[in-house]
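What follows is the residue order along each chain.
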Amino acid sequence: STNKNFSLRLGAVLVLRQMQSQMLSKFLNDESEYIVTEAARAINDDFSVGEALPALANVLDNKRFSSEPLMRRAINAALRVGSSDQLDRLIAYAERSDISDVLRAEALATIGTWADPSVMDRVDGRYRGEAKKDAEMVRSKIIPHLNAFLNSDNPVILKATTLVLTELNINGFNNSLAGIFENNKNPEIKASVLQALGKLKYAKMDNIIQEGMKDPNRDVRAAAIGMIDQLDLSTQVLQETTDQVLLKGSTREQQQLVIALGKLPVSKTEAVFSSLIEKLKNKNLPNAISLELSEAVNASSSANLKAKLAEAQAGQSLMDKYMGALIGGSGWEGRRIFNQNEAAQCVRCHVVEGQGGTVGPDLTHIGSTLKKEEILQALIEPSARLAPGYGSVNLTLKDGQEVFGILAEETDDELIIKTSDAEPTKIAKSRVSKRENYPSGMPLMADILSVREIRDVVEYVSSLK
């Protein structure tokens, strides 16, 4: 650890990692931040070196370091050690103004989850098990510091602080949050504060929601609309609100409205849902909310609504039933499903920007090639359309000739088929009387993912351009 040779010190860290040795802590003061970061990875990641976690947490005190991979592991080590002094250390770190907003927000987020952290590691996702702590102790330590965080003009810190308040159920700052909602112009902060006040049972929530619904920003309006289940509105007002949002609201507002309606008693919403089902039946309902409508109705206790919905959806093709998956998904969540969902395993067969398997087509720029409808069809009916080079096709021509081979390329007018001949065969579509696509190796995502998950994947894949 004191040798002048960089490579020798780095080699020592790698060997000690294999040995899971506590002596890795000797390298946390190395002159090279790269080596310190590798030591931090060795201590925190995989099976970890528990005895060295306190030393890693102490890195938070060292102002020499700024590497995000390093400091995230130091923050996580403080959480995993979980002692009172480590919480003090983390609060002090979050108060520093000489570190990045990202790391301050991560420190605050970790404080918010301190009493009941996830069983999964915040850094590498490995299962760590339950580690519950005294929530009252956490509240007593963070409360004296909250005013300073709430008085910050930094939107990242304000948003992180609202999450601390909701995670720890601290409602003594509700008036301060209401003031931020009134005076702050940042839509993301206003939406975050609005949701926090709802969770913290703010006494004047009715006024805040009503103001939020009139906000010029659609994201703030969407957050407010998603909370109308907390208002005591008549059936008539609910219907008027629904009509107005469907007429002028954004996709997000419409989705939030239907979700909120689903939380209300059926006695208040049956007429509203009946009108929405009628719009669905007449193809006048926005596709973006058909999924939310189906989920809300099927989760309700109304046999009448369920019967009406079933009637409206009768005779629909598979694509018709999934039209709600075309609009309104979360690209970020879709990316997570694509890369991490163990059932779908998309990344094992498809490459995106050089990462993934090569069994299926490269999807790096697929959003520039296929429309959303075609991407959706590829997920739920993979054999309906073959990706060039990845499927077999059998053609019967108008003169009776049959051609079988790999579909190499397809245009609006022509098919290029790889057969046993040396050169690919070009066939005009006008010559084809019958075409059979052989089943694709792509699994039916409709059998693996929920409609909501498919919607998120469609949003992500369509963004790859």
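Below is a short write-up of the structure. Just so you know, these numbers come straight off a predicted model, no measurement behind them. What you see as residue numbers is a count from 1 along each chain, following the sequence as written. For a predicted model such as this one, the threshold for reporting local features is a pLDDT of at least 70, and the threshold for listing and counting side-chain atom pairs is 80 or more; totals across whole chains, interfaces and linings nevertheless cover every residue. Hydrogens and water molecules were not included; the side-chain quantities draw on all heavy atoms of the structure.

**Comments concerning the overall build of the protein**
So, step 1. The secondary structure listing takes helices from DSSP runs of H or I that are at least 4 residues long and strands from runs of E that are at least 2 residues long, numbered from the N terminus. The helix and strand inventory of the protein stands at 23 helices and seven strands.
So, step 2. On the principal axes, the C-alpha backbone points of the protein span a range of 85 × 70 × 35 Å.
So, step 3. For each residue, the accessible area found with a 1.4 Å probe, counting protein chains only, is set against the maximum for its type, and the residue is called buried under 20%, exposed over 50%, and partly exposed in between. Put simply, the protein has 465 residues, and 45% of those count as buried.
So, step 4. Any two residues whose heavy atoms approach within 4.5 Å at even a single point are treated as in contact. By sequence separation, contacts in the protein at least 24 residues apart represent 61% of the contacts at least 6 residues apart.
So, step 5. Of the roughly 23600 Å² of accessible surface on the protein, a fraction of 48% belongs to carbon and sulfur atoms.
So, step 6. Between the mean site of the 55 positive side-chain charges and the mean site of the 61 negative ones, the protein shows a separation of 2 Å. Computed by Shrake-Rupley with a 1.4 Å probe, the accessible areas treat only the displayed protein chains as cover when residues are assessed. Charge counting follows a simple rule: Lys and Arg are positive, Asp and Glu are negative, and His as well as the terminal groups are ignored. Every charge is mapped to an atom, namely NZ of Lys, CZ of Arg, CG of Asp or CD of Glu.

**A look at the nonpolar core**
So, step 1. Side-chain atoms within 4.5 Å are what join buried Ala, Val, Leu, Ile, Met, Phe, Trp, Tyr and Cys residues into a set we call a nonpolar core. Counting residues in each nonpolar core, the largest one holds 98 residues, and the members touching the most others are M71, I142, L177, F273 and L293.
So, step 2. Looking at this core element by element, the count peaks at seven residues for helix α4 (residues 68-81).
So, step 3. If we skip the residues at most four places from it in the chain, I142 touches I91, I111, F149, V164, L168 and I170.
So, step 4. Counting 24 residues, the second largest nonpolar core, distinct from the first, contains I337, I375, L449 and V457.

**Topic: helix α6 (residues 101-112)**
So, step 1. Each residue after the first adds 1.5 Å to the expected span of a helix. Given a rise of 1.5 Å per residue, twelve residues ought to cover 16 Å, and the 16 Å separating the end C-alpha atoms of α6 matches this to within 8%.
So, step 2. Where burial is concerned, most of α6 is hidden: nine out of the twelve residues are buried.
So, step 3. Turning to α6, the residues buried within the fold contact α4, α5 (84-95), α7 (135-150) and α8 (155-167).

**Focus on the environment of W332**
So, step 1. Mapped onto the fold, W332 is located in helix α19 (residues 331-340).
So, step 2. Sequence-wise, W332 and E459 are 127 residues apart; in three dimensions their C-alpha atoms are separated by 8.7 Å.

**Observations concerning the pairing of strand β3 (residues 392-397)**
So, step 1. The buried fraction of β3 is high, at five of six residues.
So, step 2. If you look at the hairpin formed by β3 and strand β4 (residues 402-410), you'll find four residues sitting between the two strands, and G400 has a positive phi there, around 95 degrees. A strand pair is defined by DSSP finding two or more bridges across the two strands.

**Topic: the environment of V59**
So, step 1. As for its placement among the helices and strands, V59 is situated in the loop between α3 (53-57) and α4.
So, step 2. By relative accessible area, which is 4% here, V59 ends up buried.
So, step 3. When the C-alpha positions of V59 and T37 are compared, they lie 10 Å apart, and in sequence the two are 22 residues distant.
So, step 4. What V59 contacts, discounting residues up to four positions off in sequence, is L28, F65, L70, M71 and A74.

**Some remarks on the layout of surface pockets**
To find the voids left in a structure, one rolls a probe of water-molecule size over its atoms.
So, step 1. Size it by volume and the second largest pocket reaches roughly 320 Å³.
So, step 2. Put simply, the grid is 1 Å and covers the protein atoms alone, a cavity is a trapped set of points that fit a 1.4 Å probe, a pocket is an open set with protein on both sides within 12 Å along at least five of seven lines, and lining residues have an atom within 4 Å of a point. Considering the residues around the second largest pocket, the lining is formed by 19 residues, among which L280, S290, Q316, D320 and K321 are closest to the centre.
So, step 3. Elements with a minimum of two residues in the lining of the second largest pocket: α16 (290-298), α17 (303-313) and α18 (318-321).
So, step 4. In terms of residue count, the dominant contributor to the lining of the second largest pocket is α16 (five residues).
So, step 5. Classes in brief: Ala, Val, Leu, Ile, Met, Phe, Trp, Tyr, Cys and Pro nonpolar; Asp, Glu, Lys and Arg charged; the others, Gly included, polar. Tallied by class, the residues present in the lining of the second largest pocket amount to seven nonpolar, eight polar and four charged. Grid points are joined across faces, edges and corners, and a volume is the space filled by probe spheres set on the points.

**Some thoughts on the packing of helix α14 (residues 251-261) against α16**
How two helices sit against one another is set out by the angle between their axes and by the gap between those axes.
So, step 1. In this analysis, axes come from line fits to C-alpha atoms, helices being fitted only over the stretch in contact, and the angle between any two N-to-C directions falls in the range 0 to 180 degrees. The interhelical angle for the contact between α14 and α16, taken along N-to-C directions, is 5 degrees, at an axis separation of 9 Å. The orientation of α14 relative to α16 falls into the category roughly parallel. Between α14 and α16, the residues in contact are Q255, V258 and I259 and E292, L293 and A296, respectively.
So, step 2. For the contact of α14 with α16, the class distribution of residues is four nonpolar, one polar and one charged. Orientation is classified from the angle alone, with under 35 degrees giving roughly parallel, over 145 giving roughly antiparallel, 65 to 115 giving roughly perpendicular, and any other angle giving oblique.

**Looking at the sheet that holds strand β6 (residues 425-428)**
Sheets are built from strands that pair by backbone hydrogen bonding, the pairs being arranged parallel or antiparallel.
So, step 1. One open sheet holds the five strands; their spatial order is β6-β5-β4-β3-β7, and the pairing between them is antiparallel. What marks the edges here is a single partner per strand, and that holds for β6 and β7 (432-437). Averaged over all pairs of adjacent strands, the angle between strand axes in this sheet comes to 45 degrees, irrespective of strand direction.

**Here we look at unusual backbone geometry**
So, step 1. Even without glycine at this site, Q20 takes up a positive phi of about 50 degrees.
So, step 2. Positionally, Q20 belongs in the loop between α1 (6-19) and α2 (33-44).

**Description of the pairing of strand β5 (residues 414-418)**
So, step 1. Relative to β5, β4 runs antiparallel, the two sharing four bridges. Directly across from I406, in β5, lies its bridge partner K418.
So, step 2. Count of turn residues in the β4/β5 antiparallel hairpin: three residues.
So, step 3. The pairing of β5 with β6 spans four bridges and is antiparallel. Counterpart to E414 in the pairing with β6 is A428.

**Structural notes on the pattern of salt bridges**
So, step 1. Salt bridges, as used here, are contacts in which a Lys or Arg side-chain nitrogen is within 4 Å of a carboxyl oxygen on Asp or Glu. Per the stated rule, a full pass over the model turns up 27 salt bridges.
So, step 2. Among the ionic pairs, R73 bridges to D45, the shortest N-O distance being 2.9 Å. On the criterion of sequence distance, the pair formed by R73 in helix α4 and D45 in the loop between α2 and α3 is long-range, its members being 28 residues apart. Judged on exposure class, the residue R73 and its partner D45 are both buried.
So, step 3. The residue K372 makes a salt bridge to E459 at a minimum N-O spacing of 2.8 Å. With K372 in helix α22 (residues 372-380) and E459 in helix α23 (residues 451-462), this residue pair connects regions lying 87 residues apart in the sequence.

**A word on the packing of aromatic side chains**
So, step 1. Ring pairs shown here join Phe, Tyr and Trp side chains whose ring centres sit within 6.5 Å, with only the six-membered ring taken for Trp; geometry is labelled stacked below 30 degrees between planes, edge-to-face above 60, and tilted in between. One pass over the full model with this rule turns up two aromatic pairs.
So, step 2. A centroid spacing of 6.1 Å and a plane angle of 45 degrees characterise the contact between F6 and Y34, whose relative ring orientation is tilted. Of this pair, F6 sits in helix α1 while Y34 sits in helix α2, and the two are 28 residues apart along the sequence.
So, step 3. Here the guanidinium or amino end of K190 rests over the ring plane of F181, the centre of that ring lying 4.3 Å away. When the NZ atom of lysine or the CZ atom of arginine is within 6 Å of a ring's centre and also within 35 degrees of its normal, the charge is said to sit over that ring.

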